Amino acid sequence: MTQVFDPDDGHVERVTVIEAGPCFVTGIRRAERDGYDAVQLAFGETTEKHLNKPKLGLLKKAGVGNLRHLREFHGQPGSFGGEAELEVGAELKVDAVFEKGQTVKVSGVSKGKGFAGTIKRHNFHRGPVSHGSHNVRAPGSIGASADPARVFKGIRGPGQMGNKRVTQRGLEVVDVRAEANLLLVRGSVPGPRGSVVEIRSEG
């Protein structure tokens, strides 16, 4: 994350800088053939030794280089980049899909925070701290005794916090820098620095 100054009125925008390309089309799904419409994109250059044989075969068939990450984006192939049709092997740059002022949603795996209690994990209120109470940060009662004599599934409790897929909606594209394939999005996005995220148009 960083900050940029608006050239019109000079106010500060808090943005996340995302490297959003170039991506390459490695597959196109059709409703009549595959049951749904989607475009498969590949991103992130790597060496051949970091790829398995099925992925190497797919990339070679598409006529693109050694790329690490593969993702499918549902929708009509013509809706990507404003083109009438996309072809396998085509290069897709950031300015062909996104524009300034557009609203997007960003999906990724959130930061893992390890084992956490209910106060940090679920925003529970703490117990009383006076009159000898030991229920300071304990979760409290989680079920009855005689009936139903068990704890219902889904009760919020302590456990692993973070490290799960999260989608942040309603983010605005502040700037598109096509020469460096950079996308500047207002606010924060899920995941640590350097992680892979998926950006989709919202609407």
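Before reading further, recall that the structure is shown in the block above.
Residues numbered from 1 in each chain as written. Predicted model: local features only at pLDDT ≥ 70, side-chain atom pairs only at ≥ 80, totals over all residues. Heavy atoms only, no water.

(A) Local environment of the overall build of the protein. Looking only at helices and strands, the protein features three helices and twelve strands. Here the protein has a C-alpha radius of gyration of 23 Å; the compact-globule value for 203 residues is 17 Å, and the former is much larger. Sequence separation of 24 or more characterises 66% of the internal contacts of the protein that already satisfy a separation of 6 or more. A total of about 13200 Å² of accessible surface is found on the protein, and carbon and sulfur atoms cover 49% of it. Averaged over its 30 positive side-chain charges, the protein has a centre that lies 14 Å from the centre of its 23 negative ones. (Helix = DSSP H or I, 4+ residues; strand = E, 2+ residues; numbered from the N terminus. Rg over C-alpha atoms; globule rule 2.2 N^0.38 Å. Contact = heavy atoms within 4.5 Å. Areas by Shrake-Rupley, 256 points an atom, 1.4 Å probe, with all protein chains shown as cover. Lys, Arg positive; Asp, Glu negative; His and termini not counted. Charge placed at Lys NZ, Arg CZ, Asp CG, Glu CD.)

(B) Representation of the sheet that holds strand S10 (residues 165–177) in the model. Pairing in this open sheet of six strands is antiparallel, and the strands run S1-S2-S11-S10-S7-S12 from one edge to the other. In this open sheet, the two edge strands, each paired with only one partner strand, are strand S1 (2–5) and strand S12 (198–201). Averaged over all pairs of adjacent strands, the angle between their axes in this sheet comes to 50°, without regard to strand direction. Pairing geometry for strand S7 (residues 103–109) and S12, over four bridges, is antiparallel. When the bridges of S12 are listed, valine 106 appears paired with isoleucine 199. (Pairing = 2+ DSSP bridges. Axes fitted to C-alpha atoms, helices over the stretch in contact; angles between N-to-C directions.)

(C) Layout of unusual backbone geometry. With an omega dihedral of 10°, the bond running from aspartate 147 to proline 148 counts as a cis peptide bond. Phi is positive for histidine 131, which is not a glycine, with a value near 60°. For histidine 131, a relative accessible area of 82% translates into the label exposed. (Buried < 20%, exposed > 50% of the residue type's maximum accessible area, 1.4 Å probe, protein only.)

(D) View of the environment of valine 17. The topology assignment puts valine 17 in strand S2 (residues 12–19). Look at valine 17 and you get partly exposed, because its relative accessible area is 39%. Note: C-alpha distance between valine 17 and leucine 86 (69 residues apart in sequence) is 27 Å. Dropping the residues within four chain positions of it, valine 17 is found in contact with Thr2, Leu182, Leu183 and Leu184.

(E) Main features of the sheet that holds strand S3 (residues 23–29). Within the open sheet, the four strands sit side by side as S5-S4-S3-S6. Their pairing is antiparallel. Strand pairing shows two members of the sheet lacking a second neighbour, strand S5 (67–74) and strand S6 (91–92), which therefore form its edges. Across five bridges, the pairing between S3 and strand S4 (residues 38–45) is antiparallel. Counterpart to isoleucine 28 in the pairing with S4 is valine 39.

(F) Focus on the side chain of asparagine 181. Of note, asparagine 181 is situated in the loop between S10 and strand S11 (182–186). When sequence neighbours within four positions are dropped, the list of residues in contact with asparagine 181 reads Ile18, Glu19, Ala20, Gly21, Pro22, Lys93 and Val94.

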